[in-house]
Each structure stands twice: as structure tokens, then as C-alpha cells.
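Here is what each chain is made of, one letter per residue.
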Amino acid sequence: MNIRYKSTRNSDAAVTASQAILKGLADDGGLFVPEQIPKLPVSVDELKGMSYQETAYTVMKEFLADFTEEELKDCIRKAYDSKFDTEEIAPLVKADGIYYLELFHGATIAFKDMALSILPHLLTTSAKKNQVQNEIVILTATSGDTGKAAMAGFADVEGTRIIVFYPKNGVSRVQELQMLTQKGRNVDVAAIHGNFDQAQSGVKAMFENKKLAEELAKKGYQFSSANSINIGRLVPQVVYYVYAYAKLLENEQIQSGEEINVVVPTGNFGNILAAYYAKQMGIPIRKLICASNENKVLFDFFQTGTYDKKHREFVLTSSPSMDILISSNLERLIYQIAGCDDGKNTELMNALKNEGVYQITEDMKAGLQDFEAGYATEEQTAATIREVYEKTGYVMDTHTAVAARVCREYQERTGDTVKCVAVSTASPFKFVKSVMTAIDGKYSSKDEFELLEELKRLSGTELPDAVKEILDADILHTLECDAGQMEQTVKALLNL
Ligand SMILES: *Cc1c(COP(=O)(O)O)cnc(C)c1O
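Criteria and cut-off values
Residues numbered from 1 in each chain as written. Predicted model: local features only at pLDDT ≥ 70, side-chain atom pairs only at ≥ 80, totals over all residues. Heavy atoms only, no water. 1 Å grid on protein atoms, 1.4 Å probe; cavity = no way out; pocket = protein on both sides within 12 Å on 5 of 7 lines; lining within 4 Å. Points joined across faces, edges and corners; volume = space filled by probe spheres on them. Helix = DSSP H or I, 4+ residues; strand = E, 2+ residues; numbered from the N terminus. Nonpolar A, V, L, I, M, F, W, Y, C, P; charged D, E, K, R; others polar. Near = heavy atom within 4 Å. Polar contact = N/O pair within 3.5 Å; in protein donor to acceptor, adjacent residues only side chain to side chain. Areas by Shrake-Rupley, 256 points an atom, 1.4 Å probe, with all protein chains shown as cover. Sits in = over half its atoms within 2 Å of the grid points. Pairing = 2+ DSSP bridges. Axes fitted to C-alpha atoms, helices over the stretch in contact; angles between N-to-C directions. Contact = heavy atoms within 4.5 Å. Core = buried A, V, L, I, M, F, W, Y, C linked by side-chain atoms within 4.5 Å. Buried < 20%, exposed > 50% of the residue type's maximum accessible area, 1.4 Å probe, protein only. Parallel < 35°, antiparallel > 145°, perpendicular 65-115°, else oblique. Left-handed = near helix turned anticlockwise from the far one by under 90°. Phe/Tyr/Trp six-rings, centres within 6.5 Å; stacked < 30°, edge-to-face > 60°.

## Topic: empty space enclosed by the protein
Over the atoms, a rolling probe the size of a water molecule traces out where space has been left empty.
1) Next: In the structure shown here, the tally under the stated rule is three cavities of 30 Å³ or more.
2) Next: In this structure, the largest cavity spans a volume of roughly 270 Å³.
3) Next: Looking at the lining of the largest cavity, the elements with two or more residues in it are α7 (145–154), α11 (231–250) and α12 (270–281).
4) Next: The residue makeup of the lining of the largest cavity, split by class, is nine nonpolar, 14 polar and three charged.

## Comments concerning the site of the ligand
1) Next: Neighbouring the ligand are 15 residues; Lys112, Asp145, Gly267, Asn268 and Thr425 lie closest to it.
2) Next: Separating an oxygen atom of the ligand from a side-chain N or O atom of lysine 112 is a distance of 2.6 Å.
3) Next: The backbone of asparagine 271 places a nitrogen or oxygen atom 2.9 Å from an oxygen atom of the ligand.
4) Next: Here the ligand, which alone exposes 380 Å², has 99% of that area covered by the protein.
5) Next: At a threshold of 2 Å from the grid points, most atoms of the ligand map onto the largest cavity.
6) Next: Partitioning the shell around the ligand into residue classes produces five nonpolar, eight polar and two charged.

## What about the sheet that holds strand β4 (residues 92–95)?
1) Next: Taken together, the six strands give an open sheet; going across it, the order is β4-β5-β15-β10-β11-β14, and neighbouring strands pair in mixed fashion. Strand pairing shows two members of the sheet lacking a second neighbour, β4 and β14 (371–375), which therefore form its edges. Put simply, the sheet's adjacent strands are angled 25 degrees from each other on average, direction ignored.
2) Next: Pairing geometry for strand β5 (residues 98–102) and strand β15 (residues 420–424), over four bridges, is parallel. What sits directly across from tyrosine 99, in β15, is valine 421.
3) Next: Strands in contact with α11 are β4, β5, β10 (260–265) and β15; relative to β10, the strand with the most contacts, it is inclined by about 140 degrees.
4) Next: Where α12 meets the sheet, its contacts fall on β10, β11 (285–292), β14 and β15, and the angle it forms with β11 comes to roughly 175 degrees.

## Observations regarding the pairing of β4
1) Next: Pairing geometry for β4 and β5, over four bridges, is antiparallel. Across the sheet, residue valine 93 finds its bridge partner in β5, namely tyrosine 100.
2) Next: Linking two consecutive strands that pair antiparallel, namely β4 and β5, is a turn of two residues; a positive phi of about 50 degrees is found at aspartate 96 within it.

## With respect to the nonpolar core
1) Next: In terms of nonpolar packing, the biggest core is built from 115 residues, with Tyr5, Leu64, Phe269, Leu333, Ile334 and Tyr358 touching the most fellow members.
2) Next: For this core, the leading source of residues is α11, giving 14 residues.
3) Next: When near neighbours in sequence (up to four residues on either side) are disregarded, phenylalanine 269 contacts Cys290, Leu298, Phe302, Ser327, Asn329, Leu330, Leu333 and Phe371.
4) Next: By size, the runner-up hydrophobic cluster in this structure holds 40 residues, among which are Ala95, Ala403, Cys407 and Val467.

## Observations concerning the packing of helix α3 (residues 52–63) against helix α4 (residues 69–79)
1) Next: Where α3 meets α4, the closest approach of the two axes is 10 Å, and the angle between their N-to-C directions is 135 degrees. For the element pair α3 / α4, the angle class is oblique. Crossing of α3 over α4 shows right-handed handedness. Residues Gln53, Ala56, Tyr57, Met60 and Lys61 of α3 form the contact with α4, whose participating residues are Glu69, Leu72, Lys73 and Ile76.

## Describing the packing of aromatic side chains
1) Next: Going through the model one piece at a time under the given rule, you end up with 16 aromatic pairs.
2) Next: With a centroid separation of 5.8 Å and an interplanar angle of 75 degrees, the aromatic rings of phenylalanine 207 and phenylalanine 223 are classed as edge-to-face. Here phenylalanine 207 is found in helix α9 (residues 196–208), whereas its partner phenylalanine 223 is found in strand β9 (residues 221–225), with 16 residues between them in sequence. When sorted by exposure, phenylalanine 207 lands in the same class as phenylalanine 223, which is buried.
3) Next: Taken together, Phe269, Tyr276, Phe301, Phe302, Tyr307, Tyr358 and Phe371 form an aromatic cluster joined through their ring pairs.

Here it is, written out as C-alpha cells:
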């Protein structure tokens, strides 16, 4: 099947996978979606025993129809190599009855590495396939993890530049240092005086700015995105859900065809959307459980059918990568449950932009039956880290704890006993202060660097390379700007 991609705001024109990856966002501001979700080309039993790389090829070739076998295998080989600290790439660890799918074994110890270690290769391959001569400028907003993962992925990649914006006071110290110490002659990062939503809106506005695109083209540049609005981020994320199911089968934790639940700590809705695609490909997932922190705009949406970012305060939490009120990938789900009606989707997205709120129809609500939602308060998140540690010795990060808590709450509320995979999105070392304070209040007065040693001792795991690297690296970036000055900043960096 030769799948093409359409914009969620204009179903008329379709582009190839490589064109969609190059553009990132459609010209009309919509997101690219596959015309249909492909079915798995093999049975789940045939997936047993496949390596991560083999699973990645089996899944991704269905979505990236215009890549040759050689091109795609080459991208996969370069991405999923010794940058990961385990050959399994995405191991499953059972603790207290839940299967944790650990997606933090890559270079920057958060799940963004799963997609961002392959995106640069998909992008440069796409550029070659489409005879692109321009230098590609990756413009990215980050709530903390995408930024570093993208900088690491694109550093010194020929034909690319990368500019990252992050909220000045909205990331952990480890996250910030990871970005500010990134080497590479083509990488830049700026702290904005604002929150993630402002960073994301600023980046989106630049993508939609036709005049800016012309100025760029004159200088031999074009924009693309490393955010999860890029289909080249989403497709690699489908892989680990397929892989996790196959591993459960292989390890005789489930029978062939047995349903599982998946709970995902959610911010921009990219990770859980990938799980939804995995389900549509044929993986027996009963419920996709969307877990939010105190920024629970998605929880409220699943309860009521109203998406309302206007009547709420943005709060900074101990799970900063989920401190998001505009979950951009939800647009892909909205489009799908609207029966792929581009007009209806555009109307709702304009309402969100102009009024900060929209409401879906009763018909559309029926399309949400595969989803469940929950949220965890700061106290519940911390208590979950402590309880699981005390009971089993397993230490999880704050984002994963949100998922664990929501999973337990869902099981108790519904009596659903289906086995549950909780997506573990970051290493506890990345959020060491919050994690250690959750385990014992006595740690609250210590600095992050002392706590890294404590966590190492307490969890019995090595300090990850990603942490060792920043301990005595030089700060290379100091740029800051107001949220309203992102365009000027980009122009200055590119000498436009
Ligand atoms: C990005 C991120 C999330 C949220 O993922 P989305 O795909 O944006 O929903 C959760 N946890 C961590 C650690 C992250 O970096």
C-alpha cells in the first residue's frame, strides 16, 4: 500500500511521506496525517523474537512508503545503535504489577530519543529524495526534553541547522544544562521569558509566515520541525508499542491476541497518539489511558468533550515536560473522529486559537471510546514514587509516576484487570531533585549534584553518561529573549 499524507485542514492535496517529513507542518497550518493507518504486515506471533531494529523496519516501512528498503534500513541502523545503553533499546521492567516500558535509554535519557535519534536521518534522506538544495533549519519549541534530544540528533549533521526555544523557568536544572552545553557548529538555543505554549505558538507562527519563508529561501534556507507535529517523529514512536506487545508475548506474560492497556504520561499528545496508531495497526490494546499532571486540560476534555485552555491557570509542576495546555497532536485525533472532515477540524482549531476553547459534537465523542483519562496531583505523584520505591526498590521519574498513579486509579475505579504497560518517559536522574524529595523530605535542602550520587546509591544503577557529560562541561549558549521576539532572534541567528 502506498500511503500518502494529507493536511488536517485541507484534505484535497496529498504528499508523500518524505515531503511531509521535510515540511513538518502543512502550509495551511494543519498537521499531516496518513490517508489511512496501515495494518501490520505480519501476525503478532511473527513479531516475537524480532530485534528492535527489525520491528522498526516492519512497522515504519508501512508508513514511509516512498523510502526504499535500503534507505530506511540505513536510517534505522544509524539511529538505534550504541547511543542506547541497552541492546533491547526499549526494555520492559515489571514492578508492583505494572510493566514499565523504559524509553529513556538513549543519549539524552528521555523518550524523545526514540524518535529524535532517527529523525535527522529521515530528514536528510527526504531532502536527497526530493532534490532539496536549501539548508534545512530545524525550528523547535521544547518543554525540556525535545530540545536536547533534537540538538544531539542534529549536531553537525550536514545540510542542517537547529534553533531551539525553551521556557526559561520551566525546565529542570539537568535539562537546562544539557541544552546549554551542547556542542555543534550548527546548534543554537534560546531561553524565552514565557512558558512552553508561548514557545510553541511562536514557532508555529514562523512556520505559517509566508514572508519569512521567502526571506529564508533567498538565503538558501527552509524550515522544518523536530516537534511531534512532524510525522517523522510520530511514526518511529509507533514502533515501541508493537515491540512491547511482542516482548510480552515472547516472555509468556500474555497469550497471543490477549488485550493489554497502555497508560501514557501525556503533554503534547504525540506519544499516546502513536499508541492509538499501533492499536489501529492491529496491536490488541483495549484502552489508551491518557495521564495528565495538574495541567489537566486533556483529562477535562475526555470527561466533557470541551477543550478549554482559557479558563485555567498554567501551573509549573515536577513533571515539566507535561506542562502544556495546547496539546498540538490532539488535532490529529480530532480530525479523525470528525470523520476526516477538514472543514470541521479547521473550525474547531480556529476556535481554539481565537477563543481558547472548543467543543466537539456528540458524534465525535463516540469516537473517543478507546480512550480513558486521569490525572495526578503533585502529592499523588510524589507518593507514588515513594510507595513503589519502598515496596519494590524501583525508582521512577516524576512523569512516569503520573502514569503509574493514573493506572492504579483506573484499575481501582473500573475493576479492569487487563495487564497494563505504563510508558516510562524519563530517567529519574533527569528529575533527580523532585524524585529524591519524593522518596524522603530530608533531601529537599541538598543540591542536584549531591543528589545524583545519592540516587545512584539508592537505585543501584550507574550514573548515565548523559549526566556525567554535563557535570563539568562548559556553558556554550547564553541567549535569552522575550516570547514576542522569537522571530527577530531567528533572523539574527541566520543573518537574514
Ligand atoms: C515529552 C515528554 C512527555 C509528553 O509526551 P507527549 O508526546 O508530548 O505527550 C512525557 N514525559 C516526558 C519525560 C517527556 O519528555
